[in-house]
Amino acid sequence: MKPKLAVIYFLIIVAPLAAVTWLGIVVSRNETAMVRVRFNELMAGRLNDIAAQISALLEQRERELMAQWPTDALTAELLRERARSSGIVRQYFVLDPRGTLLYPSPAETLTKDEQDFLTRTRTIWERSEIPGPETETQAQSTAVQQDSVNPITQFKKAAPPPVTIKGWHSGYWGSGIQLLFWWREESGRLVGAELNEVRLMADIVGLLPEASALPDARIELNDSQDAVVYQWGDYLGTEGNRAPVQLALAPPLGSWHLSYIVPDDSQGAPLWFGMASGIATLALACAGLAVYFYRENTRALREAQQRVTFVNQVSHELKTPLTNIRMYAEVLQEDLSETDERIRRRLDVIVSESQRLSRMIGNVLTFSRNERQLLTLHPSPGNAGDVLRNVASQFDTPLRNRGIHIDLDTSNCRVAAFDRDAFEQIAGNLLSNVEKYAIGGDSVRITCKQENDTLILEVADNGPGIPAPHHERIFKPFYRVSDRINDGVAGTGLGLTIARELARLHGGDLTLEPSERGAHFKITLHAPIHLMEDQS
């Protein structure tokens, strides 16, 4: 296989694969990103549902605590009894409107649970973190501002605000969370309770889904230190995992968050597998297409080579008998009596046609040798003027029959080294074109001159010329300005191609020169002047 053809077949396979691979990578990345976004939305939805359930549980605790608060006269013993009987309360507390702790009061005799409670909450009371000065002040400021602009509500100013202020205080004691819920009564007294942490965690865990609900993932409930408080799900991997979605819980568990843990490769492997499968299929299809084109091209080349071989063989077979016909016709033409003009004209036609057929066969064989890179030159000393006179004599009769006169100037030709047969073929092809295409002209001028080591031949007729769009195409193989059969012009389209190739083999060229009328060809050949002539 030729390197150029191998590169083309390589590109047929590689170029589509590269384009499809690039497109596949872009599409895969976009699809992966879209899948991740949707997957994250799904995970965020699950976490939102869980967070909403935990918030609902705490709101339920708020309602339960406020409903369980005794409406009778408060006593320490009553609050102790309520705390012991309530599974959700660890310790009640009471503050007067000024924020002074009334129960459990350090000034009274306390139980061990009450002493432990004071120990756990000592900094809270010292810093007045309940109810929180900003919340209290802001609420009162807002109420005063509203009352100052609305006279209808002026009579309510003496009464306590009907809205009960409530809130949560969260903190840590030891390794566990400490949640205190408080609310202000209409009397201004602030009451509250510390929640039972164990019961609260049990209730939260009871809200969470079953572990089997997450076969390929895991959800963690993390505290403020990112420690796992609880987790569920069948995926237990610890390496290569990630938490693409995290969601903070609502207060009072605002420092806690939920993490959705999934394997790192859980969202992209199927897309890459599909893309790789598609590229492999396309590669096989391109390879099959390349093999098909290679076989078809090989078959076409083989058939073309067979046709060329057949033409060469036929040309060789015709060349010998045609040479004999031409030779005996020329001999007969010389021996013919001058008085028998009718027979001479018929003999001139035989000689002319045999010469034309010889040139056609010669062109076919020369083109074949050139295609097989077997065309070589055999320079030898000679005078180009002698060659041109011989060629001109061959075309004298046919050109004269078409009303074209040959004006030959060989006065500046000198003996030089060139391939006589190649030069004769070049000149013959140019005059053959004059015979076929210079219809309407009346002369063709042939000039030959030697300039240093360059032999220059110019052939110019005054026929219709060659249209500009065809100036370069006429040198291509098998190209003809017109292929219409009814033009009455026969030819193979090889004459100028072969003439240019022979000129270039000679180190020169064949060009079409600008001309006001007709066609003007110029041939330059590298033909060193022969030393014998210089010495003479």
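1. Some remarks on the overall build of the chain
Within the chain, the regular secondary structure consists of eleven helices and 16 strands. In the chain, which comprises 536 residues, the proportion classed as buried is 37%. In the chain, of all internal contacts separated by at least 6 residues, the share reaching a separation of at least 24 is 63%. Looking at the chain as shown, the accessible area adds up to about 31300 Å², and 55% of this sits on carbon and sulfur atoms.

2. Structural notes on helix α2 (residues 76-85)
Among all positions of α2, only L79, R80 and A83 are buried. The arc that holds every buried residue of α2, seen down its axis, measures 100°, which confines them to one face. Of the residues in α2, the exposed ones pointing more than 90 degrees away from the buried face are R84 and S85. Residues of α2 that are buried sit in contact with β1 (89-95), β2 (101-103) and α3 (112-126).

3. Here's the deal with the nonpolar core
If you look at the biggest cluster of nonpolar residues, it comprises 43 residues, and the most contacted ones within it are F423, V444 and F521. Listed by contribution, the elements that provide at least two residues to this core are α8 (384-401), β12 (415-418), α9 (420-437), β13 (443-451), β14 (454-461), α10 (495-505), β15 (509-513) and β16 (520-526). Non-local contacts of F521, meaning those with residues more than four positions away in its chain, are made with L430, L457, E458, V459, I466, I474, F475, L496, L510, T511 and L512. Counting residues in hydrophobic clusters, the runner-up holds 39 residues, among them L58, A83, I88 and W256.

4. Overview of the sheet that holds β14
Strand order in the open sheet made by the five strands is β11-β13-β14-β16-β15, with mixed pairing throughout. A strand with exactly one partner marks an edge of an open sheet, and here the two such strands are β11 (405-412) and β15. Across this sheet, the average inter-strand angle for adjacent strands is 15°, counted without regard to direction. Together, β11, β13 and β14 form the strand contacts of α8, whose direction differs from that of β11 by roughly 175°. Against the sheet, α10 contacts β15 and β16, and its axis sits at roughly 125° relative to β15.

5. So, the environment of L322
If you trace the backbone, L322 turns up in helix α6 (residues 269-335). For the pair L322 and Q355, spaced 33 residues apart in sequence, the C-alpha to C-alpha distance is 8.8 Å. Residues contacting L322, with those up to four places away along its chain left out, are S354, L357, S358 and I361.

6. Looking at the sheet that holds β2
Taken together, five strands build an open sheet; the order of strands is β2-β1-β5-β4-β3 and the sheet is antiparallel. Each edge of the sheet is formed by a strand with only one pairing partner; in this case those strands are β2 and β3 (166-173). Across the sheet, the mean angle from the axis of one strand to that of its neighbour is 30°, orientation sign disregarded. Relative to strand β5 (residues 190-195), β1 runs antiparallel, the two sharing six bridges. Note on β5: the bridge partner recorded for Y92 is A193. Sheet strands touched by α3: β1, β2, β3, β4 (176-184) and β5. Its angle to β1, the strand with the most contacts, is close to 60°.

So, how was this worked out
Residues numbered from 1 in each chain as written. Predicted model: local features only at pLDDT ≥ 70, side-chain atom pairs only at ≥ 80, totals over all residues. Heavy atoms only, no water. Helix = DSSP H or I, 4+ residues; strand = E, 2+ residues; numbered from the N terminus. Buried < 20%, exposed > 50% of the residue type's maximum accessible area, 1.4 Å probe, protein only. Contact = heavy atoms within 4.5 Å. Areas by Shrake-Rupley, 256 points an atom, 1.4 Å probe, with all protein chains shown as cover. Arc of directions from axis to C-beta. Core = buried A, V, L, I, M, F, W, Y, C linked by side-chain atoms within 4.5 Å. Pairing = 2+ DSSP bridges. Axes fitted to C-alpha atoms, helices over the stretch in contact; angles between N-to-C directions.

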